[in-house]
Amino acid sequence: DTEVTQTPKHLVMGMTNKKSLKCEQHMGHRAMYWYKQKAKKPPELMFVYSYEKLSINESVPSRFSPECPNSSLLNLHLHALQPEDSALYLCASSQDPKGNTEAFFGQGTRLTVV
Amino acid sequence: DAKTTQPPSMDCAEGRAANLPCNHSTISGNEYVYWYRQIHSQGPQYIIHGLKNNETNEMASLIITEDRKSSTLILPHATLRDTAVYYCIVRVAISRLTFGEGTQLTVNP
């Protein structure tokens, strides 16, 4: 199983809502990532979790709150988002954050903030 | 991280080899070259990576020049399903995988 599963696939939320994005992998990977991708732009790294601890936060606003409850799960909690936060949110995992192995990406959650 | 330069777009005829170039003239000795692609509205897909030797897998071949300042990804027999944005990334370790603008490859029938 080389799959990273993201749910939901699509999400529409208001600026006062609280919602969460979920990411799951069962490959035994110990590094997990959140990326944000705007239309016609490359993915931008947001957060990296290494062995269930947050190791990189790319100066992401606090309205995005990541959580890694166990080695297979990664959540992204959303609160008080702005319309400009509308984007494709991608989750990825890799075997070891320090190793030179490939990262596997999910299909993303397309988020629209209204 | 070493910066990479790729042409913004390329075309290829179906069934022919697609050769995608990447310049990384500031690459360090311990930095790997990774290639990913992203088909429209899907998550990026890993293709191949290498350090200094040429690499081949079931999807593609990676040719790295002897001075490691450039590389070429080769899709030996391109199909319509290979139409995608191809990203060349240079990185020491996977943790901060940073995507550039990539090359939009269009495979034409």
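Our subject is the structure that appears above.
Residues numbered from 1 in each chain as written. Chains lettered and ligands numbered in written order. Predicted model: local features only at pLDDT ≥ 70, side-chain atom pairs only at ≥ 80, totals over all residues. Heavy atoms only, no water.

1. Remarks on the overall build of chain A
Link 1 in the chain: A tally of regular secondary structure across chain A gives zero helices and eleven strands.
Link 2 in the chain: Its helices and strands taken in sequence order, chain A reads β-β-β-β-β-β-β-β-β-β-β from the N to the C terminus.
Link 3 in the chain: Relative to its length of 114 residues, chain A is compact, with a C-alpha radius of gyration of 13 Å against a globular reference of 13 Å.
Link 4 in the chain: Projecting the C-alpha coordinates of chain A onto the three principal axes gives extents of approximately 40 × 25 × 25 Å.
Link 5 in the chain: For chain A, the residues scored as buried account for 49% of the 114 residues in total.
Link 6 in the chain: Partitioning the intrachain contacts of chain A with sequence separation of at least 6 by distance along the chain shows that 55% fall at a separation of at least 24. (Helix = DSSP H or I, 4+ residues; strand = E, 2+ residues; numbered from the N terminus. Rg over C-alpha atoms; globule rule 2.2 N^0.38 Å. Buried < 20%, exposed > 50% of the residue type's maximum accessible area, 1.4 Å probe, protein only. Contact = heavy atoms within 4.5 Å.)

2. Structural notes on the nonpolar core
Link 1 in the chain: Of all hydrophobic cores here, the largest spans 23 residues; its most connected members are Trp34, Phe64, Leu76 and Leu78 of chain A.
Link 2 in the chain: Looking at this core, the elements that each hand over two or more residues are β2 (10-13), β3 (18-25), β4 (31-37), β5 (44-50), β7 (64-70), β8 (73-79), β9 (87-94) and β11 (109-113) of chain A.
Link 3 in the chain: When sequence neighbours within four positions are dropped, the list of residues in contact with Phe64 of chain A reads Met46, Phe47, Leu76, His77, Leu78, Leu81, Asp85 and Tyr89 of chain A.
Link 4 in the chain: Ranked by size, the runner-up nonpolar core spans 21 residues in total, among them Cys22, Trp35, Leu62 and Leu105 of chain B. (Core = buried A, V, L, I, M, F, W, Y, C linked by side-chain atoms within 4.5 Å.)

3. Overview of the sheet that holds β3 of chain A
Residue and element names in this part refer to chain A.
Link 1 in the chain: What the four strands build is an open sheet, ordered β1-β3-β8-β7; its pairing is antiparallel. In the strand order of this sheet, the two ends are held by β1 (4-7) and β7, each with one partner. When the angles between neighbouring strand axes are averaged without regard to direction, this sheet yields 20°.
Link 2 in the chain: Examined bridge by bridge, β3 and β8 share seven bridges and lie antiparallel to one another. Residue Ser20 lies in a different strand from β8, and its bridge partner there is His77. (Pairing = 2+ DSSP bridges. Axes fitted to C-alpha atoms, helices over the stretch in contact; angles between N-to-C directions.)

4. Here we look at the sheet that holds strand β7 (residues 70-75) of chain B
All names here are of chain B.
Link 1 in the chain: Strand order in this open sheet of four strands is β2-β7-β6-β5, and the pairing throughout is antiparallel. Because the sheet does not close on itself, it has two edges, and the strands there are β2 (18-23) and β5 (55-56).
Link 2 in the chain: Bridge count for β5 against strand β6 (residues 61-64) is two bridges, and the pairing is antiparallel. Its bridge partner lying in β6, Glu55 is registered against Leu62.

5. Concerning unusual backbone geometry
Phi is mostly negative for residues that are not glycine, and the peptide bonds are mostly trans.
Link 1 in the chain: Cis geometry marks the peptide bond from Thr7 of chain A to Pro8 of chain A; its omega dihedral reads -10°.
Link 2 in the chain: Within the secondary structure, Pro8 of chain A sits in the loop between β1 and β2.
Link 3 in the chain: Even without being a glycine, Ser41 of chain B presents a positive backbone phi close to 65°.
Link 4 in the chain: Following the sequence through the fold, Ser41 of chain B ends up in the loop between β3 (32-38) and β4 (45-50).
Link 5 in the chain: For Ser41 of chain B, a relative accessible area of 42% translates into the label partly exposed.
Link 6 in the chain: Phi at Arg68 of chain B is positive, roughly 65°, even though this residue is not glycine.
Link 7 in the chain: Turning to its location among the elements, Arg68 of chain B is positioned in the loop between β6 and β7.

6. Remarks on the environment of Gly14 of chain A
Link 1 in the chain: In this fold, Gly14 of chain A is placed in the loop between β2 and β3.
Link 2 in the chain: Taking the C-alpha atoms as reference points, Gly14 of chain A and Gln82 of chain A, separated by 68 residues in sequence, lie 8.5 Å from one another.

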